[in-house]
Amino acid sequence: MVNQTHFLNARLADGTVADLAVAGGRFSAVTPAANAATPPAGAVDLAGELVLPAFVEGHIHLDTSFYGDAWRPYIPCTNGFDVRERVAFQMRNLERAAPMEERAKSQLELCVGHGSLAMRSHVMVDTAVGLKHVETILAVREKYRDLIDIQLVAFPQSGILSSPGTAELLDEALKLGCDLIGGLDPASFDRDVKGHLDVVFGLAEKRGVGVDIHLHDGGTLGLFEIEEIVARTTALSMRGKVAVSHAYALGDISADALERVGERIAAAGVAIMTNAPGDHPFPPVAALRKAGVTVFAGSDNIRDSWWPYGDGDMLNRANMIGYRSGFYEDRELKAAYDVVSHAGAKALGLEGYGIAVGAKADFVALKAEHVPQAVVAVPKERTVYRAGTAIARNGAVIG
Ligand SMILES: [Zn+2]
């Protein structure tokens, strides 16, 4: 007989209370709570705690955070937000930072502790750092593979065309094991939308990998770039394998334009990532979801050269998304939760996600009445289970 672990009295997202059985790291049974007089040996009584599939951290930078390192005071740009200037600040800060491996581990444990067990991290590739960051983070991923599933994006932090030699390095990064090819503001950074996207989608086609592009460009310029990304996704039949991170432009165009482009983004199967940044227009989550777009979320920067915020808690991120989106109704709060869970799993193409027979037993048990209350209260008391084994409690990885 297969060894089963039993979890009793789990409150599910639909409000029902269930008993869960786990075998071989996956749910083997989800049944209405039996309240048996003699529970199975070794059963864990969850006592009505809310059980949710582990959160999905859809966009983070494991290589450039100073979490766990010395505090790095934020340096303002000299003349308004400038990506190129921020990259220069970052290079200066990184020279004095603790070893990347240590910083990445601190950040990973922060995320796992809060219940994220799948993650997409962008990793810097440019002619100054070469493949050093990629090699280090690949090794960290290997060390932590029992705790968390990590996708890596080869990220051209210093542009592609404006930094000759980068395209070859990106190709090399994919050969080494990166899962996706990244990009960065094709218009404002490289000043060549076609040239930049030729390299990105060319490498995606050559190596059979997905695409996740940082796009901060706003207004009609950003909108044009999104349309170009959508067109290439369709042309290459890359439905479900392309994401645009930030896509600020979607936050500052008219409702009419948004509706039109939303339908096209949805039809092409391009996902949109937002971290609901403070004091900046961001993609309207409700309108995009209504159009059928997969909107997912990430912490993005945590205590790095871009800003001092971030706590690695995707439930808190759902709270921020709901707060900034003006979500008050239960159905809206559930949507904010969906962005950090099921929609994230869809955007990352995760297999076996959810609380269902056959799904991976990666879940979080927390003290909350239901999903809407969890999103507004963000209870920190929680237990994180990986393949049915408790690996973190109340924010800290166990053992
Ligand atoms: Zn980012």
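Whatever comes next refers back to the structure up there.
Here the structure is a predicted model, which means the values were calculated and not measured.

What counts and how
- Residues numbered from 1 in each chain as written.
- Predicted model: local features only at pLDDT ≥ 70, side-chain atom pairs only at ≥ 80, totals over all residues.
- Heavy atoms only, no water.
- Buried < 20%, exposed > 50% of the residue type's maximum accessible area, 1.4 Å probe, protein only.
- Helix = DSSP H or I, 4+ residues; strand = E, 2+ residues; numbered from the N terminus.
- Pairing = 2+ DSSP bridges.
- Donors = N, O, S within 2.8 Å, 3.2 Å for Na, K, Ca; no water.
- Tetrahedral: all angles 85-135°; square planar, octahedral: opposite > 155°, others 65-115°.
- Axes fitted to C-alpha atoms, helices over the stretch in contact; angles between N-to-C directions.
- Left-handed = near helix turned anticlockwise from the far one by under 90°.
- Contact = heavy atoms within 4.5 Å.
- Lys, Arg positive; Asp, Glu negative; His and termini not counted.
- Salt bridge = Lys/Arg side-chain N within 4 Å of Asp/Glu carboxyl O.
- Polar contact = N/O pair within 3.5 Å; in protein donor to acceptor, adjacent residues only side chain to side chain.

> Lay out the pairing of strand S2 (residues 17-23) in plain terms, naming residues and giving numbers.
Of all 7 residues that make up S2, 6 are buried, and the element is covered over most of its length. Across 5 bridges, the pairing between strand S1 (residues 5-11) and S2 is antiparallel. Within S2, the residue paired with Ala10 across the bridge is Ala18. Counting the residues that bridge the hairpin from S1 to S2 gives 5 residues, and of these Gly15 lies at a positive phi of roughly 95 degrees. Bridging between S2 and strand S3 (residues 26-32) involves 6 bridges; their strand directions are antiparallel.

> For the coordination of the zinc ion, give the residues involved together with the corresponding values.
For the zinc ion, every protein donor is listed as His59 (NE2), His61 (NE2), His214 (NE2) and Asp300 (OD), and the spread of their distances is 2.1 to 2.4 Å. Classification of the site at the zinc ion as irregular follows from its 4 donor atoms and the range of 86 to 169 degrees in their angles at the metal.

> Could you give an account of the environment of Lys206, with specific residues and numbers?
Within the secondary structure layout, Lys206 lies in helix H5 (residues 193-207). Overall, Lys206 belongs to the exposed group, its relative accessible area being 53%. It is 32 Å that separates the C-alpha atoms of Lys206 and Gln107, two residues lying 99 residues apart in sequence.

> Tell me about the packing of H5 against helix H6 (residues 219-235), and name the residues and values.
Put simply, H5 and H6 touch, their axes get as near as 11 Å, and they point 35 degrees apart. When you trace H5 past H6, the crossing you get is right-handed. In this structure, H5 uses Val193, Lys194, Leu197, Asp198 and Phe201 to contact H6, whose residues at the interface are Phe224, Glu225, Glu228, Ile229, Arg232 and Thr233.

> Which residues make up the side chain of Glu332, and what are the values?
Within the fold, Glu332 resides in helix H10 (residues 330-339). Among buried charged residues, Glu332 stands out as having no salt bridge; its nearest opposite-charge side chain is Arg331, 4.2 Å away. Within polar-contact distance, the side chain of Glu332 engages the backbone nitrogen of Glu329 at 2.8 Å. Among all residues touching Glu332, those that are not within four sequence positions of it are Gly326 and Phe327.

> An account of the sheet that holds strand S11 (residues 242-245) is requested, with residue identities and associated values reported.
One open sheet accounts for 8 strands, arranged S6-S7-S8-S9-S10-S11-S12-S13; its pairing is parallel. At either end of the open sheet lies a strand with only one pairing partner, and these are strand S6 (55-60) and strand S13 (295-297). Between one strand axis and the next, the sheet turns by 25 degrees as a mean value, whatever way the strands run. Strand direction decides the pairing type here: strand S10 (residues 210-214) and S11, joined by 4 bridges, are parallel. Looking at the pairing, Ile213 lines up with Val244 of S11. H5 contacts strand S9 (180-184), S10 and S11 of the sheet and is inclined by roughly 175 degrees relative to S9.

Nothing here speaks to function; it is geometry throughout.
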